[in-house]
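# Close look at the chain arrangement
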Amino acid sequence: MVTQLAKPTQLVQSGSNPGQILDNIFIWITRLFAFSIALILVLITIEVGTEAIPAIQTFGLSFIFQQSWDPVRDNYGVLPMIYGTMMTSFVALLLAIPIGVSSAIFLSEDFLPVSFRTVLVFLVELLAAIPSVVYGLWGIFVLIPLIRPLSEWLHQTLGWIPFFGTSPGGPGLLPAGLVVTIMILPTITAISRDALTSLPPELRQASIGLGATRWETIIRVLLPAAFSGIVGAIMLALGRAMGETMAVTMLIGNSNNINVSLFAPGNTISSLLANQFAEASGLQVSALMYAGLILFALTLFVNIAAQWVVGKIQKF
Amino acid sequence: MTYSSPQTHIQGQSQADEVALEAVNLNIYYGSFLAVKDVSLKIARNKITSFIGPSGCGKSTLLRCFNRLNDLIESFHIKGQIYHENQDLYSRRVDPVLVRRRIGMVFQKPNPFPKSIYDNVAYGPRINGFKGNLDELVEQSLRQAVLWDEVKDKLKQSGAALSGGQQQRLCIARTIAVQPDVVLMDEPCAALDPISTLKIEELMNELKKQYTIVIVTHNMQQASRISDKTAFFNVQATERGGKQGYMVEFDDTVNIFTNPREVQTRDYVAGRFG
């Protein structure tokens, strides 16, 4: 006996069909969740924006170019923190992009047996699971002593370059930048690797079939084809680098001065917020909110700029 | 014992002018699994040779041995020899990269690089250190692939924007831009409509004046229309439950389709298979 499927006798649906209702419910639930994510973003922006209004009215755009952060006289400016944020992120990207993309290439090729590669990929991704405060402690007790000889050598031999201008001692932009490098590595490696492994195998075969070596294939075909994915990875990493708080606060020295030297202490916007929010009152709270808004705008600007660059380069 | 190999060598040499590729007692393995059993055949220069047979008979695997593309598969290895102009392609001292510069490949699915039409064709010459006039070579290759008139005004556009048939001709142009001796084609028309297929077939007839062509096809009309020689492969079950390919018959295409020696071939080309 073969059980037969009941054929629909009427093609026009009259009344309610349980399948269709479920379908509609499903669509509405996903729609609701999708909108709620956007809504949270909008609400946070509005909240930060309204809280920042007093500071915006008091300082206007000069807030961005002011160098002093003086709670006693209620005079605030965030240029040193903007500089610190950009500088630590820049150092981190400068080191993390070559290391991360190379690891991604290495892990997407068949240099290692699959089992060993899987373990390595897992370990790289595990880097992202280490709590920020642990990175901070590691930075204080291991990284800072570790890089001291190198920093001193750099200062002595290349001291005429402003970036190595001050004598190294303890916390500063460089250790903060180095720890952020390690923190954003798994993002760059994992996403770039995904972009590389999801390329159609036909691309590799076509290139190899034309007499290209493995490196020619990687450099000339695979990397350009995965370019947008790799830039996406870098953007996500940059977002994390600019917003990273705990480890940076522990390592950067929290000095609200601009010093071009990487060995000098500095500050970032997020560290400023973390350090001062608990004790702030009155206009200072508003100024901190304003600083937060600027970080928000900065991240947004960098992302849009990156999208634009990708669009320009990646026409295909 | 030691004389047997030089002897085949000398045999090959006497016909070196006509033979582009020669497989001698070729066994293809994946790990310990014998996928294609004991193939010996000679592929004639400036002719189109087609490989036909049911799925799993190893015809594509064999094709990919000719330019060492199977090297990408880890467990793959062969026993036996493949000669190209009296050089054993699987000799230890042979660089597979150089083999692929002499023996090009066109794939089943059109696979242009995500680059411009121009850069697609120029890719091979560039990596091979081509010193001459690249514009000229690109134009010449596109003309040979009968694509020039359709793309000459949009060379900077992406190759992916072309139609499937155009993409496949672009891939052919890309392959012949490195000026190989042999062009291998792995079901080049399987993803194309009949009109594009016809264009590719006309193109192959032009190309064989300059190149030796080996084509794998599921389309028996195609094999009978375009090829000079045809090899029929079949598949048999092994004791261990796997499938093993072997060559049944290799002859002039006319003989394969009108007067085959083997019953299996007759049944297959007549569409009575089993």
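Predicted model only: the values in this text are computed from it and were never measured.

What counts, and at which threshold
- Residues numbered from 1 in each chain as written.
- Chains lettered and ligands numbered in written order.
- Predicted model: local features only at pLDDT ≥ 70, side-chain atom pairs only at ≥ 80, totals over all residues.
- Heavy atoms only, no water.
- Core = buried A, V, L, I, M, F, W, Y, C linked by side-chain atoms within 4.5 Å.
- Buried < 20%, exposed > 50% of the residue type's maximum accessible area, 1.4 Å probe, protein only.
- Helix = DSSP H or I, 4+ residues; strand = E, 2+ residues; numbered from the N terminus.
- Contact = heavy atoms within 4.5 Å.
- Axes fitted to C-alpha atoms, helices over the stretch in contact; angles between N-to-C directions.
- Left-handed = near helix turned anticlockwise from the far one by under 90°.
- Nonpolar A, V, L, I, M, F, W, Y, C, P; charged D, E, K, R; others polar.
- Pairing = 2+ DSSP bridges.
- Salt bridge = Lys/Arg side-chain N within 4 Å of Asp/Glu carboxyl O.

Below, the discussion takes up the nonpolar core. It is characteristic of soluble globular proteins that their nonpolar side chains tend to be buried jointly. Phe63 of chain A together with Leu41 and Phe51 of chain B are the most contacted members of the largest nonpolar core, which has 116 residues in total. With 13 residues, helix α12 (residues 283-313) of chain A is the single largest residue contributor to this core. Residues in contact with Phe51 of chain B, not counting those within four places in the same chain, are Leu41, Ile43, Lys59, Leu62, Leu63, Phe66, Val214, Ile215, Val216, Thr217, Ala231 and Phe233 of chain B. Counting 33 residues, the second largest nonpolar core, distinct from the first, contains Val121, Leu137, Ala173 and Leu207 of chain B.

All right, on to the packing of helix α4 (residues 117-127) of chain B against helix α7 (residues 164-176) of chain B then. Residues and elements named next belong to chain B. Direction vectors running N to C along α4 and α7 enclose 35°, while the axes themselves pass 7 Å from each other. Here α4 runs over α7; the crossing is right-handed. Contacts from Ile117, Asn120 and Val121 of α4 reach α7 at Leu170, Ala173 and Arg174. Residue composition of the contact of α4 with α7, grouped by class: 4 nonpolar, 1 polar and 1 charged.

All names here are of chain B. Strand order in the open sheet made by the 10 strands is β5-β4-β1-β2-β10-β9-β3-β8-β7-β6, with mixed pairing throughout. The open sheet is flanked by β5 (87-88) and β6 (103-106), the only strands paired with a single partner. Where strand β3 (residues 48-52) meets strand β8 (residues 212-216), 4 bridges bridge the pair, whose relative direction is parallel. By the bridge assignment, Thr49 is partnered in β8 with Val214. Its contacts with the sheet place α7 against β6 and β7 (182-186), and it is angled at close to 170° to β6.

Now for the pattern of salt bridges. Tallied over the entire structure, the rule returns 23 salt bridges over all chains. Between Lys208 of chain B and Asp228 of chain B there is a salt bridge; the shortest N-O distance is 3.2 Å. Of the two residues, Lys208 of chain B sits in the loop between α8 (194-207) and β8 while Asp228 of chain B sits in the loop between α9 (220-226) and β9 (229-237), which places them 20 residues apart along the sequence. Of the charged contacts, one joins Lys229 of chain B and Asp252 of chain B as a salt bridge, the two residues approaching to 3.7 Å between their closest N and O atoms. Of this pair, Lys229 of chain B sits in strand β9 while Asp252 of chain B sits in strand β10 (residues 243-252), and the two are 23 residues apart along the sequence. Connected through shared salt-bridge partners, Glu109, Asp110, Arg204 and Arg214 of chain A make up one network.

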